[in-house]
Amino acid sequence: MKISRIEHLGIAVQSIADVLPYYTDVLGLEFYKEEVVEDQKVKTAFLRVGEVKIELLEPTSPDSTIQKFLDNGGRGVHHVAFKVEDGVAKALSECDQHGIRLIDKAPRGGADGLKIAFLHPKSTYGILTELCEE
Ligand code: ZN
């Protein structure tokens, strides 16, 4: 697989409304999009940091994986997303060949128009890893 850069950092928050002013008013980052991803039970907000994005993730339901992450004491960085230039499907099959546990067996639609798939943190030394392509 060919990874070109970090596409975004996913950051879990209880309330986007509460934390957004920190990113926009204090850090001065550009907020450009808010989007609900129904099947993931999250509301997302995107900010630009040069070519990289920050994806704030707010749970929309008590059984959202983001709510579970927060309830288990998780705070801050939830996942790291890499931009794959030669396709998420190919990257997944390479990871599978290396014995990496896949959360998604095939690419699916994610926020901000990306095709995405997640690798399990048990196989990636604790980092929930997202692979994305545009
Ligand atoms: Zn993400």
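This is a predicted model, so every value here is computed, not measured. (Residues numbered from 1 in each chain as written. Predicted model: local features only at pLDDT ≥ 70, side-chain atom pairs only at ≥ 80, totals over all residues. Heavy atoms only, no water.)

(A) Here's a closer look at helix 3 (residues 88-97). Within helix 3, burial applies to Val88, Ala91, Leu92, Glu94 and Cys95. The buried residues of helix 3 occupy an angular sector of 165° when projected down its axis, which confines them to one face. For helix 3, the elements touching its buried residues are strand 5 (76-84), strand 7 (115-119) and strand 8 (129-133). Following helix 3 by one or two positions, Gly99 adopts a phi angle in the positive range, close to 80°. (Buried < 20%, exposed > 50% of the residue type's maximum accessible area, 1.4 Å probe, protein only. Helix = DSSP H or I, 4+ residues; strand = E, 2+ residues; numbered from the N terminus. Arc of directions from axis to C-beta. Contact = heavy atoms within 4.5 Å.)

(B) Region of the structure containing the coordination of the zinc ion. At 2.0 to 2.3 Å from the zinc ion lie its protein donor atoms, namely His8 (NE2), Glu55 (OE), His79 (NE2) and Glu130 (OE). Geometry at the zinc ion is irregular, judged from the 4 donor atoms that bind it and their angles of 83 to 169° at the metal. Between consecutive donors of the zinc ion, the numbers of intervening residues give the motif H-x46-E-x23-H-x50-E. Remark: Glu130 occurs in strand 8 and Glu55 occurs in strand 4 (residues 52-59); sequence separation between them is 75 residues. Overall, the relative accessible area of 6% leaves Glu55 in the buried class. Given a relative accessible area of 3%, Glu130 falls into the buried group. (Donors = N, O, S within 2.8 Å, 3.2 Å for Na, K, Ca; no water. Tetrahedral: all angles 85-135°; square planar, octahedral: opposite > 155°, others 65-115°.)

(C) Summary view of a nonpolar patch on the surface. Taken together, the side chains of Tyr22, Val26 and Leu27 present a nonpolar region at the surface, about 300 Å² in accessible area. Within the fold, Tyr22 resides in helix 1 (residues 16-26). Of the residues examined, Tyr22 reaches a relative accessible area of 41% and is grouped as partly exposed. (Patch = residues over 30% accessible without salt bridge, like charges linked within 9 Å, V, L, I, M, F, W, Y side chains within 5 Å. Areas by Shrake-Rupley, 256 points an atom, 1.4 Å probe, with all protein chains shown as cover. Salt bridge = Lys/Arg side-chain N within 4 Å of Asp/Glu carboxyl O.)

(D) Local environment of the state of the cysteines. The tally for this structure, following the rule as stated, stands at 0 disulfides. Unpaired in terms of disulfides, Cys95 finds its nearest cysteine sulfur in Cys132, a separation of 13 Å. (Disulfide = S-S within 2.5 Å.)

(E) Examining the pattern of salt bridges more closely. All chains considered together, the criterion is met by 13 salt bridges. The residue Asp112 makes a salt bridge to Lys33 at a minimum N-O spacing of 2.8 Å. Taken together, the residues span a long stretch of sequence, with Asp112 in the loop between strand 6 (108-109) and strand 7 and Lys33 in strand 2 (residues 30-37) at a distance of 79 residues. What makes Lys33 partly exposed here is its relative accessible area of 28%. A salt bridge links Lys83 to Glu134; the shortest N-O distance between them is 3.7 Å. Remark: Glu134 occurs in the segment after strand 8 and Lys83 occurs in strand 5; sequence separation between them is 51 residues. Residue Lys83 is classed as buried on the basis of its relative accessible area, which comes to 13%. On the basis of relative accessibility, which here comes to 66%, the residue Glu134 falls in the exposed class.

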